[in-house]
Amino acid sequence: MGIIDTLKKWKRLIENYLMYRRSYFFLIIVLVLMLYLYPSFHEVYEKKQPTDTDHAERCLDDHITPYDLESLEGNANVRRLHNWKDSNEEDNSYLPWIGNGHLGLAVLPRSSVYIKHPDAKSLSLPIGWSPLIVPIAHGTKREAVATHFPSGIVSRYQCYGSGLYLSHLIYSHRSRKEVLIQEMKIANPTAAPIVLTLDIQVRSPDKLLQEAKHRIL
């Protein structure tokens, strides 16, 4: 082997060594950039993923938006609720009430049907029972109660983060004075089965008597 071949061999070794060093150096730079930029990309990715609360809020907005114009014209009132049981504490702007002069009911938890007392002209006597069926499901939930004044219909909307959606139309019958109607629609767009508990709330007799006495007097 001549001197020229030896020099060429050493030249190739040096070039390979430098090439590997450049490759390792480039790889290290890429890894450092990935470690540096990963938290930012991860944060952006996490923000873009809709949560159950986002799904529930968007569903509720879709159903109460049609009432915006009616509310501006004074023909409707919408109460947004985070918890059906706390609806009395969250918003006292308007009582969602249905009635026909013979019986009436506030579409609120722990409410009671009211009828006329023999010595009163108003619906002042609670009977201690509500015919409204209250469906209960687990999961993140948003709901609202909308009252449409011209029709006398109260609508209740329940949206869950899982996609479950429930709507209620509640109103009193005009020709049959003793009839209250609750139309319920349940939609489950998922393939998973969902268990619903149907509840009817009854108030304590002592509290009902106190309220009746207060209203009659």
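Above this text is the structure in question.
Per chain, residue numbering runs from 1 following the sequence as it is written. Per-residue local features of the predicted model are confined to residues with pLDDT of at least 70, and side-chain atom pairs are confined, for both listing and counting, to 80 or more; whole-chain, interface and lining totals are unaffected and use all residues. Only hydrogens and water are set aside when side-chain values are computed; all heavy atoms of the structure are taken into account.

Q: Just to check I follow, could you spell out the state of the cysteines for this structure?
A: In protein structure, a disulfide is the covalent linkage between the sulfur atoms of two cysteines. Note on terminology: disulfide denotes any pair of cysteine sulfur atoms within 2.5 Å. Summed over all chains, the structure comprises 1 disulfide. Paired by a disulfide, cysteine 59 and cysteine 159 hold their sulfur atoms 2.2 Å apart. The chirality of the disulfide connecting cysteine 59 with cysteine 159 is left-handed, given an S-S dihedral of about -60°. Taken together, the residues span a long stretch of sequence, with cysteine 59 in helix α2 (residues 52-64) and cysteine 159 in strand β8 (residues 153-160) at a distance of 100 residues. Secondary structure is summarised from DSSP: a helix means a run of H or I of at least four residues, a strand means a run of E of at least two, and numbering begins at the N terminus for each.

Q: I would appreciate a short explanation of the pairing of β8 in the present structure.
A: Successive side chains on a regular strand alternate, one facing one side of the sheet and the next facing the other. β8 sits mainly inside the fold: 7 of its 8 residues count as buried. Between any two strands, at least two bridges found by DSSP are needed for them to pair. In terms of strand pairing, strand β7 (residues 141-148) meets β8 through 8 bridges, oriented antiparallel. Residue pairing across strands places threonine 147 opposite valine 154, the latter belonging to β8. Count of turn residues in the β7/β8 antiparallel hairpin: 4 residues, of which glycine 152 carries a positive phi of about 75°. Pairing analysis gives 6 bridges linking β8 to strand β9 (residues 165-172), with the strands arranged antiparallel. Buried, partly exposed and exposed residues are distinguished by accessible area as a fraction of the type maximum, computed with a 1.4 Å probe on protein chains only: under 20%, between the cut-offs, and over 50%, respectively.

Q: Explain the sheet that holds strand β4 (residues 114-115) here, please?
A: Strand-to-strand pairing in sheets goes through backbone hydrogen bonds, with the strands running parallel or antiparallel. Spatially, the 4 strands line up as an open sheet ordered β2-β3-β4-β5, and their pairing is antiparallel. Each end of this open sheet is capped by a strand with a single partner; those strands are β2 (97-99) and β5 (125-126). Summarising the sheet, β2 and strand β3 (residues 103-106) pair through 3 bridges and their orientation is antiparallel. Paired with tryptophan 97 across the strands is alanine 106, a residue of β3.

Q: In this structure, what is going on with the pattern of salt bridges? I would like to understand it.
A: Side chains that carry opposite charge are capable of pairing whenever their charged atoms lie near each other. Only one rule defines a salt bridge in this text: a Lys or Arg side-chain nitrogen within 4 Å of an Asp or Glu carboxyl oxygen. By the definition in use, this model includes 5 salt bridges. Ionic pairing is found between arginine 156 and glutamate 143, a salt bridge with its closest N-O pair at 2.9 Å. Residue arginine 156 is found in strand β8, and its partner glutamate 143 is found in strand β7; the two are separated by 13 residues along the sequence. A cluster of three or more residues bridged by salt bridges with shared partners is formed by Glu57, Asp61, Arg80 and Arg142.

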